[in-house]
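Structural characterization, general
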Amino acid sequence: MRVFVLLTVLLWPAAYGQGSGPSYPAIATIRIERTDVFDLDDPDERRAPYILANRLHIETREYVIRRELLFKEGDPADPDVLYESERNLRRLSFLHDNSRIVTVARDDGRVDVVVRTRDIWTTRPSVSVRREGNQTTGRFSFIEDNLLGFGKRLGASYRRDLDRDSGGVEYSDPRLLGTRWTLAASYYDRSDGVLYAADAGRPFYSLLTTQAGGGGGSHFSQVTTLQLDGEDAPGFRQRHSDVTIHYGRALRTGYEKVRRLIYRFQLMDDEFDPEPGEAPLAPLPPIGGSGYAALPDDHRFRVLEAEYQSSDVRFLRASHLDRFDRFQDINLGNDWSVSLGVSPAFLGDDHNHLFFGGQFRRWFHFSPNTYSRVEAGTTGRIAAGRGRNVITAADLRHYYLGLPRQTLVVHAEQTWGHNLDGERQFLLGGESGLRGYDNRRFDGNKRLLLNVEDRAYIVYDWLHLVSIAFAGFADAGFVWRSGEGQDLGDVVGDIGIGFRFDVTRSSGGTVIRLDYAYPMSRLGQEENPRGVLSFTAGQAF
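This structure is a prediction, so every number in the text was calculated from the model and none was measured. (Residues numbered from 1 in each chain as written. Predicted model: local features only at pLDDT ≥ 70, side-chain atom pairs only at ≥ 80, totals over all residues. Heavy atoms only, no water.)

What follows concerns the environment of His299. With respect to the helices, strands and loops of the structure, His299 is situated in strand E15 (residues 299–312). Of the residues examined, His299 reaches a relative accessible area of 8% and is grouped as buried. Polar contacts involving the side chain of His299 include one to the side chain of Glu423, which spans 3.1 Å. (Helix = DSSP H or I, 4+ residues; strand = E, 2+ residues; numbered from the N terminus. Buried < 20%, exposed > 50% of the residue type's maximum accessible area, 1.4 Å probe, protein only. Polar contact = N/O pair within 3.5 Å; in protein donor to acceptor, adjacent residues only side chain to side chain.)

Here you go:
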């Protein structure tokens, strides 16, 4: 408990306020200009299929958009408040990412604020097949991201993954009963068990929000299977339950710097048992990534934790990074956090544990045609003077937009694990960025991944439905096991080509990939002599 008292004393400020700022003209009126999925005032879109789509689609209700605004009539037209409201609109999955808020000057010295949004198609009955690393998975789903125009999400799905089949329902409400509270709940019946989860909370919905809190929990039972050289190791039954309660308070608010202190109480239980029908597990104690699978130790944590968050606010709107011409809001300021927690034996833990964590992330914009993102972090715990399940990672992405209608992306990722829990291991293969190899082909506790990809944009909003890009890429990486050094001579690679598709009028903004990759190592050529064809959603890295 001394940890939390010390953090509070050191970090609590004298006041939230940042003093008076510059004066801005008052807002006279707020006008919401909504556009349906297709703009029928545009002759190119005033066609029978688009007219039918608009008739079938229920447009987002005006008050749903208006309630996301952080200003009202009579308030000063602070550009920071308007831009944050614009970012909030872009986070909504049922509105297009290119939502804008502009001001129009009046003769009386005030301004009119115009909020321009465009709906996207949110009813998604879909049948999808995902092929990666010579393994096929699939999904059938019916999801509505904007139920009756109220901004709520309801979905049902059946999916076949690499490990199990599952079917279930999910629901989320970003404004529960019209309040700032959010609710998310899901239930899935799976071929090897069950999964259900629920979470409710009042988030920091603005940089000026002073308090947040909430809680939730989840439970699942499943057969967990580790990987050894691309093959399934004997599986074991894992039963997991967790409950979290959290409360946060802003130490400083504003549009230059934000400081917050978050308190959490977490209960996390994991039980592991042999699964009938599975081969016997190794009798050796589990030490992640050692070339064998053993039954992990049970976990019973009761964590009291405090986290300090710091963010320098320098948001910038950018496009042609990972989502074609859709806008992304990136923060050019330092964004970091540190956390410290204890799980004492007197609350039910088997030992006294000290939990720790830290994270840093930042975007850089060195020139008009370059963007770079750096992320680094570490998490773990200490018991009896020994670090356990310590994971440290660093990730660098660099985007170059100087070539005509192209985005060149360079990516490097390194992850280290120390004394990983028995159910944890790092994997690398077709589904995780090494596209010329089978899924989960390499396993261990130290992972390196390098990628280079050039995306050339062929056409934007073709038939007002899809944007298309051609990509050429190269991947390299490897995973080393415990006790092995990181010998760069072990690194394997591939080269390939592919296409990227952005369904411009659909919710989510997820890019669809069709890639062909040919392995450059002898191992890869022996296992996949014809290369690997993959078709999936999301960028490879």
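Having seen the structure, we can now continue with the description.
This brings us to the pattern of salt bridges. Side chains that differ in sign of charge can pair as their charged atoms come close. Enumeration over the complete set of coordinates arrives at 51 salt bridges. When the shortest N-O distance is used, the salt bridge between Arg300 and Asp269 registers 3.9 Å. Placement of Arg300 in strand E15 and of Asp269 in strand E14 (residues 257–274) is noted, with a sequence separation of 31 residues between them. For Asp269, a relative accessible area of 23% gives the class partly exposed. Residues joined in a network through salt bridges with shared partners are Asp322, Arg435, Glu453, Arg455, Asp475, Arg500, Arg513 and Asp515. (Salt bridge = Lys/Arg side-chain N within 4 Å of Asp/Glu carboxyl O.)

Residues Ile458, Phe470, Ile497, Phe499, Tyr516 and Leu533 make up a contiguous nonpolar surface patch of roughly 530 Å² in combined accessible area. Positionally, Ile497 belongs in strand E27 (residues 492–503). (Patch = residues over 30% accessible without salt bridge, like charges linked within 9 Å, V, L, I, M, F, W, Y side chains within 5 Å. Areas by Shrake-Rupley, 256 points an atom, 1.4 Å probe, with all protein chains shown as cover.)

Spatial strand order, E1-E3-E2: three strands in an open sheet with mixed pairing. Each of the sheet's edge strands pairs with one partner strand only, and the pair in question is strand E1 (27–35) and strand E2 (100–105). Direction aside, the axes of adjacent strands within the sheet are offset by 20° on average. As defined by bridge partners, E1 adjoins strand E3 (residues 111–118) across eight bridges and the pair is classed as parallel. Bridge assignment links Arg34 to a residue of E3, and that residue is Thr117. Helix H4 (residues 79–90) rests against E2 and E3 of the sheet, and its axis sits at about 145° to E2. (Pairing = 2+ DSSP bridges. Axes fitted to C-alpha atoms, helices over the stretch in contact; angles between N-to-C directions. Contact = heavy atoms within 4.5 Å.)

Let's shift gears to the nonpolar core. Of all hydrophobic cores here, the largest spans 22 residues; its most connected members are Ile30, Leu69, Phe71, Leu89, Ile101, Val113 and Val115. Discounting residues that sit within four places of it in the chain, Val113 has contacts with Ile27, Thr29, Ile30, Arg31, Phe71, Leu82, Ile101, Val102 and Thr103. One finds Ile391, Phe426, Leu428 and Tyr437 within the second-largest nonpolar core, a separate group that totals 13 residues. (Core = buried A, V, L, I, M, F, W, Y, C linked by side-chain atoms within 4.5 Å.)

Turning our eyes to something else, we now look at helix H2 (residues 48–56). Regarding H2, the residues found buried are Tyr50, Ala53 and Asn54. Angularly, the buried residues of H2 cover 95° about the axis, an arc narrow enough to put them on a single face. Exposed and facing more than 90 degrees away from the buried side of H2 are Ala48, Pro49, Arg55 and Leu56. (Arc of directions from axis to C-beta.)

We now examine H4. Across its 12 residues, H4 extends 16 Å between first and last C-alpha, which sits within 8% of the 16 Å expected from 1.5 Å per residue. Counting buried positions along H4 yields 10 of 12 residues, so the element is predominantly enclosed. Residues of H4 that are buried include every one of Val81, Leu82, Tyr83, Glu84, Ser85, Glu86, Arg87, Asn88, Leu89 and Arg90, and no others. (Expected span 1.5 Å × (residues − 1).)

Before going further, it helps to spend a moment on the packing of aromatic side chains. On inspection of all chains with the given rule, the structure shows 15 aromatic pairs. Measuring from centroid to centroid gives 6.4 Å for Tyr187 and Tyr196, while their planes differ by 15°, and the two rings are stacked. Looking at Tyr187, the relative accessible area reads 40%, which means it is partly exposed. Seen in terms of ring centroids, Phe236 and Phe272 are 5.8 Å apart; in terms of plane orientation they differ by 75°. Their pairing is edge-to-face. Placement of Phe236 in strand E13 (residues 236–252) and of Phe272 in strand E14 is noted, with a sequence separation of 36 residues between them. Aromatic rings pair up to connect Tyr437, Phe442, Phe478 and Trp480 into one cluster. In this structure, Arg317 is placed above the aromatic ring of Phe327, and the distance from its NZ or CZ to the ring centre is 5.2 Å. Stacked on the ring of Phe442, the Lys or Arg Arg441 has its end atom at 5.3 Å from the ring centre. (Phe/Tyr/Trp six-rings, centres within 6.5 Å; stacked < 30°, edge-to-face > 60°. Lys NZ or Arg CZ within 6 Å of the ring centre and 35° of its normal.)

Tallying each qualifying case throughout the model produces two cavities of 30 Å³ or more. Of the pockets and cavities examined, the second largest cavity occupies roughly 30 Å³. Along its surface, the second largest cavity is lined by Leu321, Asp322, Arg323, Phe324, Arg455, Tyr457 and Gln539. When grouped by side-chain class, the residues that make up the lining of the second largest cavity number three nonpolar, one polar and three charged. (1 Å grid on protein atoms, 1.4 Å probe; cavity = no way out; pocket = protein on both sides within 12 Å on 5 of 7 lines; lining within 4 Å. Points joined across faces, edges and corners; volume = space filled by probe spheres on them. Nonpolar A, V, L, I, M, F, W, Y, C, P; charged D, E, K, R; others polar.)

Our focus in this paragraph is a negative patch on the surface. A cluster of acidic residues, Glu271, Asp297, Asp298 and Asp350, forms a negative patch at the surface. Along the chain, the position of Asp298 falls in the loop between E14 and E15. (Lys, Arg positive; Asp, Glu negative; His and termini not counted. Charge placed at Lys NZ, Arg CZ, Asp CG, Glu CD.)

Attention now moves to the pairing of E27. Direction of pairing for strand E26 (residues 466–480) relative to E27: antiparallel, over a ladder of 12 bridges. Note on E27: the bridge partner recorded for Gly472 is Ile497. Where E27 lies against strand E28 (residues 512–519), eight bridges are found, and the strand directions are antiparallel. Along E28, the bridge assignment pairs Ile495 with Tyr518.

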